Structure formats: C-alpha cells, structure tokens
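Structural features, examined
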Amino acid sequence: MFFLIMPIVLVEYFLEELLDRVFLITWFEKLCSKTGIATILAVVIQALLFGFRHSNDISERSITVAIIGLIMGITYVKFGLNLWAIIIAHCILNTMSMIERV
C-alpha cells in the first residue's frame with residue numbers, strides 16, 4: 001500500500017511547494033513592491049502559514065513546521081529561486097516521517 005500511495009503523495013509535496021514557496025513568496029513580494037524587507041516578510045509569512053496549515057492551531061507541531069518552512073523559504077530565496085532542492089528536501093522529510101509512523 002505504501003508504494004501505491006507514494007506517487008500521489010510526492011505530487012502533493014510538489015504542489016505544496018509551488019503554493020508555499022513560489023506563489024506566496026512571489027505574491028507577497030509584489031504586494032510590497034519587491035524590496036528587501038518585502039522578501040523577508042514574504043519568507044516569514046509563508047513560513048507561518050505553512051506551519052499553521054499543518055496543524056490548524058498554535059502548537060509545538062505548527063511551530064516546528066513553521067521553522068522548517070522558514071528554512072525552506074530562506075533556502076529557496078538564497079539559491080536563486082531553485083525549487084527542486086526544496087521539493088527533494090520536503091519529500092525526504094515527509095517520507096521519513098511517514099516511515100516512522102508505519
């Protein structure tokens with residue numbers, strides 16, 4: 001069952017990264033005139049939304065996921081908006097998490 005579900009899950013990770021990193025960071029930057037502070041705010045806001053969306057409350061899990069989202073957002077911006085490294089990291093983190101639960 002694990003191997004049947006994984007391709008679908010990997011597509012979901014890809015789409016999640018498109019939403020959280022590409023769309024939200026770009027949208028927030030454009031909203032704030034693409035200044036340096038706009039990029040910082042965009043990365044922080046997308047990280048907070050990423051964390052909240054994973055648990056729908058303020059909890060240890062949402063804070064942990066927000067920190068991961070912050071690291072991924074910073075990495076995305078610092079490495080010239082390269083999404084593939086972030087997608088691979090997301091896949092590895094979530095796959096390890098899923099294997100722990102099995």
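Looking at the chain, pLDDT values average 85 and 99% of them are 70 or higher. Mean pLDDT across the elements of the chain ranges from a minimum in helix α4 (residues 83-101), with 82, to a maximum in helix α3 (residues 60-78), with 91.

Moving on, we get to the environment of V22. Relative to the helices and strands, V22 is located in helix α1 (residues 2-31). Given a relative accessible area of 26%, V22 falls into the partly exposed group. Along the primary structure V22 and L81 are separated by 59 residues, whereas in three dimensions their C-alpha atoms are 8.0 Å apart. Those residues within four positions of V22 in sequence are excluded, and the remaining contacts are E17, Y76 and L83.

Glancing now at the packing of aromatic side chains. On inspection of all chains with the given rule, the structure shows two aromatic pairs. Taken together, a centroid distance of 5.8 Å and an interplanar angle of 25° make the contact between F14 and W84 stacked. Taken as a pair, F14 in helix α1 and W84 in helix α4 lie far apart in primary sequence, 70 residues in all. Look at W84 and you get exposed, because its relative accessible area is 55%. Lying over the aromatic face of F50, R21 brings its terminal NZ or CZ to 4.4 Å of the ring centre.

Quick look at the pattern of salt bridges now. According to the stated counting rule, one finds three salt bridges in the structure shown. We note a salt bridge from R21 to E17, for which the minimum N-O separation is 2.7 Å. Of this pair, R21 and E17 both sit in helix α1, four residues apart, which is roughly one turn of the helix. Owing to a relative accessible area of 0%, E17 belongs among the buried residues under this scheme. Of the charged contacts, one joins D20 and R53 as a salt bridge, the two residues approaching to 2.3 Å between their closest N and O atoms. Of this pair, D20 sits in helix α1 while R53 sits in helix α2 (residues 36-53); the two residues are 33 residues apart in sequence, bridging distant segments of the chain. By relative accessible area, D20 is classed as buried at 1%. Through salt bridges with shared partners, a single network forms among E16, D20 and R53.

Cut-offs applied
- Residues numbered from 1 in each chain as written.
- Predicted model: local features only at pLDDT ≥ 70, side-chain atom pairs only at ≥ 80, totals over all residues.
- Heavy atoms only, no water.
- pLDDT = per-residue confidence, 0-100.
- Helix = DSSP H or I, 4+ residues; strand = E, 2+ residues; numbered from the N terminus.
- Buried < 20%, exposed > 50% of the residue type's maximum accessible area, 1.4 Å probe, protein only.
- Contact = heavy atoms within 4.5 Å.
- Phe/Tyr/Trp six-rings, centres within 6.5 Å; stacked < 30°, edge-to-face > 60°.
- Lys NZ or Arg CZ within 6 Å of the ring centre and 35° of its normal.
- Salt bridge = Lys/Arg side-chain N within 4 Å of Asp/Glu carboxyl O.

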